Amino acid sequence: MATSNSSDFNLTRNQIIEESFREIGVKTPNRTLTNEEMNDGARTLNLLVKSLIAKGSFLWKIKQATLFLVTGQSQYVIDGTTANCAESFNETTITADALLGASSIDVTDTTGFVIGYNIGVLQDDNSILWTTITSIATLTIGLNTPLTAQASSGSSVYVYETKVKRPENIQNAQSNDSSNNDIPMVTYSRDSYYNLPVKNTSGRPNLFYYDKQLTAGLVNLWPVPSTSKQKIIFSYTKTIEDFDQALNDPDFPVEWLQPVILNVAYRLSRKYGRLDLQGKEQLKRDADDALAEAEGYDREDTSFYFQPATNINVNSYR
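Throughout what follows, the structure given in this document is the object of discussion.

Rules and cut-offs
- Residues numbered from 1 in each chain as written.
- Predicted model: local features only at pLDDT ≥ 70, side-chain atom pairs only at ≥ 80, totals over all residues.
- Heavy atoms only, no water.
- Pairing = 2+ DSSP bridges.
- Helix = DSSP H or I, 4+ residues; strand = E, 2+ residues; numbered from the N terminus.
- Axes fitted to C-alpha atoms, helices over the stretch in contact; angles between N-to-C directions.
- Parallel < 35°, antiparallel > 145°, perpendicular 65-115°, else oblique.
- Left-handed = near helix turned anticlockwise from the far one by under 90°.
- Contact = heavy atoms within 4.5 Å.
- Nonpolar A, V, L, I, M, F, W, Y, C, P; charged D, E, K, R; others polar.
- Core = buried A, V, L, I, M, F, W, Y, C linked by side-chain atoms within 4.5 Å.
- Buried < 20%, exposed > 50% of the residue type's maximum accessible area, 1.4 Å probe, protein only.
- Salt bridge = Lys/Arg side-chain N within 4 Å of Asp/Glu carboxyl O.
- Arc of directions from axis to C-beta.
- Phe/Tyr/Trp six-rings, centres within 6.5 Å; stacked < 30°, edge-to-face > 60°.

Read across the sheet, five strands follow the order β3-β1-β17-β10-β11 without closing on themselves; strand pairing throughout is antiparallel. At either end of the open sheet lies a strand with only one pairing partner, and these are β3 (85–86) and β11 (182–184). Bridge count for strand β1 (residues 62–68) against β3 is two bridges, and the pairing is antiparallel. Across the sheet, the residue bridging to T66 is A86, located in β3.

Another aspect to go through is the packing of helix α1 (residues 13–23) against helix α4 (residues 257–272). At a minimum axis distance of 8 Å, the contact between α1 and α4 shows a crossing angle of 55 degrees. By the criterion of interaxial angle, the relationship of α1 to α4 is oblique. The crossing of α1 and α4 is right-handed. Here I16, E19, S20, F21 and E23 of α1 lie close against α4, whose contacting residues are L257, V260, I261, L262, V264, A265, L268 and Y272. Residue classes in the contact of α1 with α4 are distributed as 10 nonpolar, one polar and two charged.

As a further point, take the nonpolar core. Counting residues in hydrophobic clusters, the biggest one holds 32 residues, and the most contacted among them are I16, L45, F252 and W256. Listing elements by their share of this core, those giving two or more residues are α1, α2 (35–52), α4 and α5 (277–297). A total of eight residues in this core trace back to one element, the largest contributor, which is α4. Those residues in contact with L45 that lie beyond four places of it in its chain are R13, I16, I17, F243, V260 and V264.

In the structure shown here, the tally under the stated rule is 14 salt bridges. Between K231 and E91 there is a salt bridge, with the nearest N and O atoms lying 3.9 Å from each other. Pair noted here: K231 is in strand β17 (residues 231–237) and E91 is in strand β4 (residues 90–93), with a separation of 140 residues, a long-range link. Relative accessible area serves as the criterion here: at 43%, E91 is assigned to the partly exposed category. The shortest N-O distance in the salt bridge between R166 and E168 comes to 2.8 Å.

Residues R13, N14, I16, I17, S20 and F21 constitute the buried set of α1. Around the axis of α1, the buried residues are gathered within 160 degrees of arc, so they sit on the same side. Here the buried face of α1 lies against α2 and α4. Positive phi shows up at G25, right after α1, with a value of about 80 degrees.

Cis rather than trans, the peptide bond between W222 and P223 has omega equal to -10 degrees. Along the chain, P223 falls in the loop between β15 (217–222) and β16 (224–225). At N5, a residue that is not glycine, the phi angle is positive and equals roughly 60 degrees. A relative accessible area of 77% means that N5 is categorised as exposed. For N180, which is not glycine, the phi torsion reads 70 degrees and is therefore positive.

All right, on to the packing of aromatic side chains then. Each aromatic ring pair is characterised by the separation of its centres together with the angle its planes make. Scanning all chains against the criterion turns up 16 aromatic pairs. Look at F58 and W60: their rings are 5.0 Å apart centre to centre, the planes differ by 15 degrees, and that puts the pair in the stacked class. On the basis of relative accessibility, which here comes to 1%, the residue F58 falls in the buried class. Overall, W60 belongs to the buried group, its relative accessible area being 18%.

Here is the structure:
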């Protein structure tokens, strides 16, 4: 018999909940879950998924993004609303001087430009005007917000679709200069950053402190950027998405389905009392084992290098 030639198996939110209730005997072949049970299962599922965030970084949630800098600005808000950070973007330049108050610019290339996308124009006062695209006519781009300063020919223009939401953490970062060269940045703790004696030193940022707040992430840089042509490229962990609707697919790989189902089932077993103590303990062991297997698989391979000692006195071993 031929194989299916398919590898797209997955479960929706409600199917995951039904599987969890089957594990504890609440969902049977001839019984449909009540609305209350389904709502309870959805709540338990979301609680579990959110608790996974505390376990650390998962490879499937690590993304790379670019933070656009402003001369003299030390702190940057990343919250999914502020237009200063993107996972991917297109960059071009202005071909003719655009004066203060201009509502359109002429650019070299419109690759990646779409009406409604976010657009940033580097202005002559070293600020970046962030707005959205209202029109595209050949190489002329309409701006939703007029320029607040002149933007001369050759000035950079950045375009992207989606703003980056608050990172769970920032793993590493590189400082990118106007020539597109990168240098690794040093991660600072809160105490180390706030103990810096002079925080307004100007130059190329080489260290950062990430302050994760409830709804936003704050990236603090030192030194402060000396030019708005500098950028920060960083790797970060995205938040695992919620299960809001019955047909929502999981925001995690398929190998995590079984660990999630078993762990949701264990949590539900404590609420519904359908298993005796021995049954709950066995379910807990199965859930822990499945989770450990998934976590062990979802880790980046590392390399170890061993260098033989060269200063050994062989006479000491005789």
